[in-house]
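Structure assessment
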Amino acid sequence: MSEKNRKKKKFNIWLPLFFGMLVISIALGVLLALSVEKNKNDNARSLETEESIRAELDALQTEHDGLVKEYDDLGRNYNGLQAEKDKQARELTEQLEDMTKRVGVAEAKLIGAVSGEEYDVTINTNAFFPSTTGRYDQYCAPGDNYDMRFYRYESVYSSPTDIVMAGDSLIERCEWHEMYPSFTVKNRGIGGDVISGLKARLDQIKRTKPRKLFILIGTNNIIFGQDADLMKIYYGELMHALDDMFDEDECEIYFLSLSPMSQEMNGRFGVSPEYINGEVNGMLEEMCDAYDYTYINIFNALADENGFIEQDNTTDGIHFSAKGYLVVKGCIDPYILEADDEEEESDSEDADDSDDDDDDGDADDSDDDDGDDDDSDDDDDSDDEDSEESEESDSEGEE
């Protein structure tokens, strides 16, 4: 092969390689240019997105600042309103205190004018705005009703009272003053109360100066799961406090037995009629005997033959219906109405004594009349004697 053919063959080999490399270079350049352009576009979009996000964040920050300012303004307004409310509450409290004092003094004067007796007016003005936390939550289930009634009883003034009914909701839910309209009756029942809760407010009852105090308490202790041994401790503390606080010559104390529940409620609280009336009421009766308090069994009067509360005597298996309260009234009537009977007997004896005095007076007057008659007879006899002497003297003169 000639030299010329060899050179031509080499040229034919390198020429395609050159063009291939050229095409590859051009392609790489194009790809590089496209990549650079893409990066520019991505950066532009990123900048736009970042600016949009920043603008949105600025808007949110502005809105947040506005809300914070509005919140601060509302807080200042609330504080101002609260201060005004507190001021009005203080003014109202002062007005209520003054009104309560004036009403109490006026009624004291009125009762004194009617009865001819004076009594002290004890006013506790601590009672118009009850605690929101519940001052006696440790004694029973917390609730506004307990606090409201506790502070209401704390606020009243004292006056002599014939009858006080004390206990839990079984006492609270009855209008006892309508049951006994001829007596002064005060209701000191609070729904949800337990034995220790009643003991904690005995000073309120003491201020009512009751002649008779009827107590029905302990049902909630059973509902809260306390056994008879623990209830005996609480009953003992209550009776000991009653013994220290009340003079037996001034106040007669009566304990009503616990009442029966429906079969459903017995099952719900895990008790039985035998437990309530046998163990708990039996224990309560023994303690009443020990402290010389009168025990009144209302369980048997309210229960059916199985020991569950009669359906007509209850509204929900625990609380009394109107008929149930009439049954309870029938149980305690002998201990309340005996006071009326004693007063009537006393009035009758006074009337008899008055009649006897009148009869004695008439008899004395009659005796005085007899004495006058005797004196008249003596005068007549004396006149007759004088006449006889005069006749004898005249006869002697004639002789």
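Note that the structure is predicted; figures quoted are calculated from it, not measured.

Before going further, it helps to examine the overall build of the chain. Counting secondary structure elements, the chain contains 12 helices and 5 strands. By the burial criterion, 33% of the 399 residues in the chain qualify as buried. Put simply, of all contacts in the chain between residues at least 6 apart along the chain, 70% involve residues at least 24 apart. When the accessible area of the chain is evaluated, it comes to approximately 25200 Å², of which 50% is carbon and sulfur surface.

Turning to the pattern of salt bridges, a few remarks are in order. Within this structure, the stated rule accounts for 8 salt bridges. Residue Glu-252 is joined to Lys-212 by a salt bridge in which the shortest nitrogen-to-oxygen separation is 2.9 Å. Within this pair, whereas Glu-252 is found in strand β4 (residues 252-256), its partner Lys-212 is found in strand β3 (residues 210-216), the two being separated by 40 residues in sequence. According to the relative accessible area criterion, Glu-252 is partly exposed, its value standing at 38%. Among the salt bridges present, the one from Asp-333 reaches Lys-329, with a minimum N-O distance of 3.1 Å. Highlighted residues: Asp-333 and Lys-329, both in helix α12 (residues 322-398), separated by 4 residues, approximately one helical turn. What makes Asp-333 buried here is its relative accessible area of 15%. Overall, Lys-329 belongs to the buried group, its relative accessible area being 19%. If you follow the salt bridges from partner to partner, you end up with Lys-69, Asp-73 and Arg-76 in one network.

Enumeration according to the criterion identifies 7 aromatic pairs in this entry. Here the aromatic rings of Phe-320 and Tyr-325 are separated by 5.3 Å at their centres, their planes lie at 85°, and the arrangement is edge-to-face. Between Lys-206 and the ring centre of Phe-246, over which it is positioned, the NZ or CZ distance is 5.3 Å.

Right, let's talk about the packing of helix α8 (residues 228-245) against helix α10 (residues 273-291) for a bit. Packing of α8 against α10 brings their axes to within 11 Å, and their N-to-C directions diverge by 30°. Our classification of the angle between α8 and α10 gives roughly parallel. Once α8 is placed against α10, the crossing between them reads as right-handed. Residues Ala-228, Met-231, Lys-232, Tyr-235, Gly-236, Met-239, His-240 and Asp-243 of α8 touch α10, and the partners they reach there are Tyr-275, Glu-279, Val-280, Met-283, Leu-284, Met-287, Cys-288 and Tyr-291. Residues that form the contact of α8 with α10 fall into these classes: 11 nonpolar, 2 polar and 3 charged.

Reading the values: rules and limits
- Residue numbering note: each chain is counted from 1, following its sequence as written.
- Selection of residues for local features in this predicted model requires a pLDDT of at least 70, selection of side-chain atom pairs for listing and counting requires 80 or more, and totals for whole chains, interfaces and linings are taken over all residues.
- With hydrogens and water excluded, all non-hydrogen atoms of the structure serve as input to the side-chain values.
- Every helix listed is a DSSP run of H or I at least four residues long, and every strand listed is a run of E at least two residues long, numbered separately from the N terminus.
- Buried residues are those whose accessible area, probed at 1.4 Å on protein chains only, stays under 20% of the maximum for their type, while exposed residues exceed 50% and partly exposed ones sit between those limits.
- Whether two residues are in contact is decided by their heavy atoms, any of which lying within 4.5 Å being enough.
- All accessibility values rest on the Shrake-Rupley procedure with a 1.4 Å probe; residue burial counts only the protein chains present in the view.
- The working definition used for a salt bridge is a side-chain nitrogen of Lys or Arg within 4 Å of a carboxyl oxygen of Asp or Glu.
- Only centres within 6.5 Å qualify two rings of Phe, Tyr or Trp (six-membered ring in Trp) as a pair; their planes then separate them into stacked at under 30 degrees, edge-to-face at over 60, and tilted for everything else.
- For a Lys NZ or an Arg CZ to count as sitting over a ring, it must be within 6 Å of the ring centre and within 35 degrees of the ring normal.
- Angles run from 0 to 180 degrees between N-to-C directions of axes, and those axes are lines fitted to C-alpha atoms, restricted for helices to the stretch in contact.
- Reported orientations rely on four angle classes, namely roughly parallel under 35 degrees, roughly antiparallel over 145, roughly perpendicular from 65 to 115, and oblique for the rest.
- Each crossing is labelled by how the near helix is turned from the far one, with a counterclockwise turn of less than a right angle marking it left-handed and a clockwise turn marking it right-handed.
- Under the scheme applied, nonpolar residues are Ala, Val, Leu, Ile, Met, Phe, Trp, Tyr, Cys and Pro; charged residues are Asp, Glu, Lys and Arg; polar residues are all the others, including Gly.

Limitation: the analysis is restricted to geometry and does not speak to function.
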